[in-house]
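Here's the letter readout for the chains.
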Amino acid sequence: MAQNKIGKQTLHFPSTPIITSWASVVGPMEGKGPLGEKYDLVLTDTLAGEKTWEKAEQKMMQFSIELALEKRNLLPKDLDFYLAGDLLNQITCANFTARFLNTPFLGLYGACSTFAEGLCMAGVLLEGGVAEKVGVSASSHHDTAEKQFRTPTELGDQRPMTAQWTVTGSASIIIEKTGTGIILTHATIGKIIDLGNSNAQDLGSAMAPAAFDTLKTHFEDLGRNENDYDLIVTGDLGLLGHGILKELLKEKGISPDRFNDCGIMVYSPEQDTHCGGSGCGCSGVVLTAHLIERLLSGYYHRILFIGTGALLSPLTSLQGETIPCIAHAVVLESRGE
Amino acid sequence: MIAQNVLLNEQEMTKWLNELQKEHQKVLFWEAQAKGEERKKFAGLRQEIERQQQRIARPQQIDYQSTAIKLVPPQTVIKNVIMAFLVGGSICLIGQIIYNLFTQSGLGLKDAAAATSSFLVFLGALFTALGYYDELGKVAGAGSIVPITGFANSIVSSALEFKREGYIYGVGARLFTVAGPILVYGTMVSILVGLVYYFVR
Amino acid sequence: MMLLKAFILGGLICVIGQLLMDLTPFNITPAHILVGYVTTGAVLSGLGLYQPLVDWGGAGATVPLSGFGHSLAQGAIEGVKSKGLLGALGGGLQATSIGVAVAIVFGLFFATFARPKG
């Protein structure tokens, strides 16, 4: 068994990499949501002064990492590596942001679990002694996602009640070998779970089993249970997916009291998103704008952050394929001194 | 700050870019905290810095492009032109033969023309479905693209490719991926011609 | 004789396309060229300059896509002659309606019964 691997899928980071800086950039709709005041930058419109939504999303990701760097008084050249991903074909947004930063770059694709995936990989790089400062970003944009995955944004179709609204937002963190902030202690890498859902307008149902599987494995690997955490938060299962997860937990005798979901936290019911938010940016902005602060203040001491992703493509739905999903979990703790 | 389009050496370029990046981050930070007019002011400053960042990178890009372009293998224009002439001419020749056959069999001139186009569309679609039209296109270039058989080829090949995505979003939608613009702009110009004719007459 | 003229005219019209493809930057694609042919054919037709080509070279002028543009434009003109202003709108598509319908029919037929070979 490898030195820092515990059980089947969990990694241990004994050197406790530290998240020293973070930033979130969101669109106007998210700015009007429950966490509106907490984001670093709220854009006035979804084009952000650019000609295309894709360029706007790239600017958002770029701004989020720049703000994180600025808060730590660093420049892009100070990062050893940059990990980033988004929802667009060929992870366009991440590639062009990496071009701007001119930093050694590893592109990631985990759909909406990308941010958690980035945290896992950053932990590996730091624990592996090959880096001292790593930047991680993930982003999504409602309009670029609709254009690519679904239908034209001006098309007058009705969204089903199971649908989630892709968050227009980008989050970045800087994670270092030393410093002050939140520590990353463990990560559980997920397996792909596909229980036969094929409705691309209901990703919550498809992803809940993946979240559950990773959670179970995490508990088994570390010998922990739900009471070891102040909060267990999933990335974007949404109202329906979260409800399903709670059923799965009940069947296993796990109490759902400490569970929540970023997709539910990012929008208010008045914003009529049906099942809540989704997208790479969703879990990222909620973590950076809200949950990290809660850890810093001691409100939470230890949380389990489970990014959830639906790994379909625009073509696979049309070809009648089911939706494979994945969930990655990271344990974040306040330093507690 | 810098306006000249001078090719800087690696060291100088890095130095300038780092300076600009420091400023960019600071201005962005202030912009994020500001509201209303003040925010617009910072946004303008930030965009100016971005322009300067691009200006610095540009000479290096131009220099590289001019080096790389010298190594690009030349297009075999003469050979392409000859093949386009031969294949394009042949397809038109076949069209003429078919037209003659239709008129000889008693069809009026206009109907024979429509029948000829239809038959050529059929041939183009058939050879696309059989997998031969792309082989022809490789050697013939414009000779197989420009005739109406090429129009049929673009329709069928697109629909074939996306058949696996179903009949609505796959075949149905893709039939007109290339043919669509042709119809859109062709119709548009014909309407303009009609309007001009109406008013000039 | 007409056969030879059709061959030559058709070939020349295709050569123009080939030169455009080879001598213009990479972002001028065949689709751009085809749109150019249709619209040029329609404009020349409207100016009365395409019919002479048809008279001389027959299929050499009607088979290339510029011939389709010619049909569209002539159809619009016929439409104006018979129906006035509304004819300008419908005339082009009306004249080429058989061609479009045939494209749809054979397109759907072959797409249904064949598969791409790569």
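Okay, so let's go over this structure. One numbering rule holds for all chains: residues counted from 1, following each sequence as written. Each chain takes a letter, starting from A, and each ligand takes a number, starting from 1, following the order in which they are written. Where local features are concerned, this predicted model is filtered to residues with pLDDT of at least 70; where side-chain atom pairs are given and counted, the filter is 80 or more; whole-chain, interface and lining totals use all residues.

Glancing now at the arrangement of the chains. Here, residues touch in the contact sense if the C-beta positions derived from the backbone fall within 7 Å of one another. No other pair of the two pairs of chains in contact has as many contacts as chains B and C. For chain A and chain C, which are not in contact, the least C-alpha distance works out to 15 Å.

Right, let's talk about helix α2 (residues 36-69) of chain B for a bit. Owing to its 3.6 residues per turn, the α-helix brings residues three or four apart onto one side. All names here are of chain B. Helical segments are the DSSP runs of H or I of at least four residues, strand segments are the runs of E of at least two, and each set is numbered from the N terminus. Each residue after the first adds 1.5 Å to the expected span of a helix. The end-to-end C-alpha separation of α2 is 47 Å, in line with the 50 Å expected for 34 residues at 1.5 Å each. Note on bend: the value at a residue is the angle between axes fitted to the seven residues ending there and to the seven starting there. Its axis deflected by about 30° at A57, α2 carries its strongest bend there, up to four residues before the proline P59. The exposure scheme places C-beta atoms from the backbone and then counts, for each residue, the other C-beta atoms within 10 Å of its own, assigning buried at 20 or more, exposed at 12 or fewer, and partly exposed in between. For α2, every residue scored as buried is listed here: R46, I49 and I56. As for α2, its buried residues are in contact with α1 (10-33).

A few words now on the interface of chain B and chain C. Contacts between chain B and chain C engage 62 residues on the former and 63 residues on the latter. Going through the elements one at a time, α3 (77-104), α4 (109-130), α6 (142-145), α7 (148-161) and α9 (179-200) of chain B are the ones with two or more residues in the side of chain B that touches chain C. By residue number, the principal contributor to the side of chain B that touches chain C is α3(B), which donates 16 residues.

In this complex, chain B contributes 15 residues to the contact, which on the side of chain A involves 14 residues. The dominant element in the side of chain B that touches chain A, judged by the number of residues it contributes, is α1(B), at nine residues.

This next bit is on the pairing of strand β11 (residues 231-234) of chain A. Each regular strand carries side chains that alternate between the two faces of the sheet. Residue and element names in this part refer to chain A. Relative to strand β14 (residues 302-310), β11 runs parallel, the two sharing four bridges. From the neighbouring strand, T234 faces β14, where its bridge partner is I306. Pairing between two strands requires that DSSP report at least two bridges joining them. In this structure, β11 lies alongside strand β12 (residues 259-261), joined through three bridges in parallel fashion. By the bridge assignment, I232 is partnered in β12 with F259. Of the crossover connections in this fold, the one passing from β11 over helix α7 (residues 238-251) to the parallel β12 is right-handed. Seen with its strands pointing away from the viewer, a crossover is right-handed if its path from the first strand over the helix to the second goes clockwise.

This part covers the packing of helix α4 (residues 114-127) of chain A against helix α9 (residues 280-296) of chain A. Residue and element names in this part refer to chain A. To obtain an axis, a line is fitted to C-alpha atoms, over the contacting stretch when the element is a helix, and the angle between two such axes runs from 0 to 180 degrees between their N-to-C directions. Two elements in contact, α4 and α9, have axes whose closest approach is 7 Å; the angle formed by their N-to-C orientations is 65°. Packed against α4, whose contacting residues are T114, F115 and A116, the element α9 presents C280, S283 and G284 at the interface. When residues are sorted by character, Ala, Val, Leu, Ile, Met, Phe, Trp, Tyr, Cys and Pro go into the nonpolar class, Asp, Glu, Lys and Arg into the charged class, and all the rest, Gly among them, into the polar class. Of the residues belonging to the contact of α4 with α9, the class tally is three nonpolar, three polar and no charged.

It is worth spelling out the pairing of β14(A) at this point. All names here are of chain A. In terms of burial, β14 is largely enclosed, as eight of its nine residues are buried. Note: β14 against strand β15 (residues 325-334), nine bridges, orientation antiparallel. Residue pairing across strands places R302 opposite E333, the latter belonging to β15.

What follows concerns the environment of S66(B). Residues and elements named next belong to chain B. Its place among the elements puts S66 in helix α2. Exposure remark for S66: the 9 C-beta atoms within 10 Å place this residue in the exposed category. For the pair S66 and E50, spaced 16 residues apart in sequence, the C-alpha to C-alpha distance is 25 Å.

Helix length check: helix α7 (residues 97-113) of chain C (17 residues) gives 24 Å between terminal C-alpha atoms against 24 Å at 1.5 Å per residue, within 8%. Taken together, the buried positions of α7(C) are occupied by G99(C), V102(C), A103(C), F106(C), G107(C), F110(C) and A111(C). Down the axis of α7(C), the buried side of the element spans an arc of 140°, and every buried residue falls inside it. Exposed residues on α7(C) whose side chains face more than 90 degrees from its buried face are A101(C) and F113(C). Structurally, α7(C) contributes buried residues whose contacts are with α4, α7, α8 (167-174) and α9 of chain B together with α5 (65-83) of chain C. Starting at the helix axis, one direction is taken to each C-beta atom, and the arc is that of these directions.

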